[in-house]
Amino acid sequence: MSFKKDFVWGAATASYQIEGAAYEDGKGMNIWDDYCKIPGKILNGDTGDVACDHYHRYKEDVALMKQLGIKAYRFSISWARILPDGTGKVNPKGLEFYKNLVNELKANGITPYATLFHWDYPSKLMEKGGWLNSDSPNWFAEYVKTVVEFFKDDIPNYITFNEPSVVIGCGYVITEHAPGIKLDNYMLVPMAHNILKAHGMAVKIIREFAPKAKIGYAPASNPIIPPNHDANEVEAARKKYFGVNDPINWVWSPSWWGDPIVLGKYPEDGLKILGKYLPKNYEEDLKLINQPIDFYGHNIYQGEYVKEQNGVAVNLPNKVGYPRTAIGWPITPEALYWGPKFLHERYNLPIIITENGLSCHDAVSLDGKVHDPNRIDFLNRYLLQLKKAAEDGADIAGYFQWSLMDNFEWAKGYFDRFGLIYVDYQTQKRTPKDSFYWYSEVIKQNGENL
Ligand code: GCO
């Protein structure tokens, strides 16, 4: 056995990271537009004002996708491009841009996967408290209805949220992402709950207006890796992965963000420390949150190695000289075995890896090409593990490489390059890297050459 015949091979991007055109055609401001203006927040003072200028170059980019041979493209829709104030007045030019993109994708035989929220929250709604406001799920629902009523099944796959853990964790705990405001659990837990409610409302709306569309969700986590595969170690790793017992690190928990949606309940251990911060009627809301979805997306870049000690998984320190990517993340290919395996066991839904990839120190060589053997090696190792998870019975439906092209890497600006396509930000010239041709071959052979 190998990857399924209809395996979805794709690549992913996000609106703020590639589109640019921040001030064009009636788009409203979002919290990333605002955050990038604050001195010292983004490396080198970079902003997404122009980014990869994808807003104007989408045709060229889709042509590259076709050359790459991806079956599916995951992009995100900018809320404030559709509703400049977050609610109320619709911006037809915003809808038109995504309509053109979707048409171009379809004309080239590429299936759209649209993420409805990838962090670029409308500024006007932030002024009203953002996800802390109890009306925030309704605001999101209004936006989703606007999009889905317009596109219906023309977008055959919708993903509600990208990495809600990072929205809260990086935005309000570590504060290195927009809006960069430090908050405590009595605010964070209700915010997370509002995001989960917004997800539930979005799923209901999509079912109503696009009954044929498939619906997924794209949270992220660092899977816990039991290196020796010994039964006790595996059990301890599973417990650690899904355990919620830390009053700070709960924000990164795959189960706090996954159980309410798929299992209709918050994890018991987490409730013991966080239940007091949930709204009184939270159990009522769980019915809304627990809408059936069609696939469980997951963004996985790295995992944590553990050993078992008296039934408990204890983190192993990084080995001296451990392999790592340019951004500094450890290279742990088994994350793409244990993550999907554990998630499939728990949620029993088809798993799609909605993001995986790395940043390298890419540059154009004297021969005019971009040689990125580290990316090829990384993707090869991770994909082999994913294949093994599929062979061992996990239902793996697809894989989206992050990212189609180099782009605005949030607080790191343009310093880190995650793309299969090199972007020269001065000229906007695109150069496919060696990994682009390698991935193209993997797709052609459905992973048989790995
Ligand atoms: C995320 C986001 C992407 C990032 C990528 C690399 O996972 O953080 O979804 O927007 O750019 O992950 O950090």
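Provided above is the structure to which this section pertains.
The model shown is predicted, which means the values in this text are computed figures rather than measured ones. (Residues numbered from 1 in each chain as written. Predicted model: local features only at pLDDT ≥ 70, side-chain atom pairs only at ≥ 80, totals over all residues. Heavy atoms only, no water.)

Enquirer: Mind showing me how you'd approach the overall build of the protein here?
Expert: When helices and strands are tallied, the protein shows 16 helices and 13 strands. Overall, the C-alpha framework of the protein stretches about 60 × 50 × 45 Å when taken along its three principal axes. For the protein, restricting intrachain contacts to residue pairs at least 6 apart in sequence, the fraction spanning at least 24 positions comes to 77%. Considering the protein, the positive charge centre built from 49 side chains and the negative charge centre built from 55 side chains are found 2 Å apart. (Helix = DSSP H or I, 4+ residues; strand = E, 2+ residues; numbered from the N terminus. Contact = heavy atoms within 4.5 Å. Lys, Arg positive; Asp, Glu negative; His and termini not counted. Charge placed at Lys NZ, Arg CZ, Asp CG, Glu CD.)

Enquirer: Is there a simple way to explain the packing of helix α9 (residues 185-209) against helix α11 (residues 254-262) in this structure?
Expert: Geometry of a packed helix pair, given as the angle between the helix axes and the separation of the axes. Look at α9 against α11: their axes get within 11 Å of each other, and the N-to-C directions meet at 40 degrees. Classified by the angle their axes make, α9 and α11 are oblique. In this structure, the crossing between α9 and α11 has a hand that is right-handed. Here V189, A192, I195, L196 and H199 of α9 lie close against α11, whose contacting residues are W256, W257, P260 and I261. Taken together, the residues of the contact of α9 with α11 sort by class into eight nonpolar, one polar and no charged. (Axes fitted to C-alpha atoms, helices over the stretch in contact; angles between N-to-C directions. Parallel < 35°, antiparallel > 145°, perpendicular 65-115°, else oblique. Left-handed = near helix turned anticlockwise from the far one by under 90°. Nonpolar A, V, L, I, M, F, W, Y, C, P; charged D, E, K, R; others polar.)

Enquirer: Is there a simple way to explain the packing of helix α15 (residues 373-391) against helix α16 (residues 434-444) in this structure?
Expert: Contact pair α15 / α16: the axes reach a minimum separation of 9 Å and the direction vectors enclose 30 degrees. The pairing of α15 with α16 is recorded here as roughly parallel in orientation. Judged by residue contacts, R375, I376, L379, N380 and L383 of α15 engage D434, S435, W438 and V442 from α16. Its residues placed into classes, the contact of α15 with α16 shows five nonpolar, two polar and two charged.

Enquirer: Would you explain the sheet that holds strand β10 (residues 351-356) in this entry?
Expert: Through backbone hydrogen bonds, the strands of a sheet pair up, either in parallel or in antiparallel fashion. Pairing in this closed barrel of eight strands is parallel, and the strands run β1-β2-β3-β4-β5-β7-β10-β11 around the ring. When strand polarity is set aside, the average angle formed by the axes of neighbouring strands in this sheet is 25 degrees. The strands touched by α9 within the sheet are β3 (111-117), β4 (157-162) and β5 (214-218), with β4 carrying the most contacts at an inclination of about 170 degrees. Contacts from α11 reach β5 and β7 (295-299) within the one sheet, and its direction differs from that of β7 by about 170 degrees. (Pairing = 2+ DSSP bridges.)

Enquirer: I keep staring at the side chain of T13 and nothing clicks. Help me out?
Expert: In this structure, T13 sits in the loop between β1 (8-12) and α1 (15-18). Classification of T13 as buried rests on a relative accessible area of 1%. Looking at T13, its side chain comes within polar contact range of the side chain of Y73, at 2.6 Å. Apart from residues lying up to four places away in sequence, T13 is in contact with I18, Y73, R74, F75, S76, W402, S403 and L404. (Buried < 20%, exposed > 50% of the residue type's maximum accessible area, 1.4 Å probe, protein only. Polar contact = N/O pair within 3.5 Å; in protein donor to acceptor, adjacent residues only side chain to side chain.)

Enquirer: Before we go on, may I ask you to explain the site of the ligand in this structure?
Expert: With respect to spatial proximity, 13 residues lie near the ligand, and among them Q17, E163, Y301, E355 and E409 are the closest. In the environment of the ligand, an oxygen atom lies 3.0 Å from a nitrogen or oxygen atom belonging to the side chain of H118. Isolated, the ligand exposes 310 Å² of accessible area, and the fraction of that covered by the protein chains is 94%. For the shell around the ligand, a count of residues per class yields six nonpolar, four polar and three charged. (Near = heavy atom within 4 Å. Areas by Shrake-Rupley, 256 points an atom, 1.4 Å probe, with all protein chains shown as cover.)

Enquirer: I keep staring at unusual backbone geometry and nothing clicks. Help me out?
Expert: Outside of glycine, negative phi angles account for most residues, and trans bonds account for most peptide bonds. Here the residue pair A178 and P179 is connected by a cis peptide bond, since its omega of 5 degrees sits within 30 degrees of zero. Looking at the element boundaries, P179 is found in the loop between α8 (164-173) and α9. Cis geometry is found at the peptide bond from W402 to S403, where omega equals 15 degrees. For N348, which is not a glycine, the phi torsion comes out positive at approximately 50 degrees. Here N348 is to be found in the loop between α14 (335-347) and β10. Within the chain, N446 stands out as a residue other than glycine whose phi angle is a positive 50 degrees.

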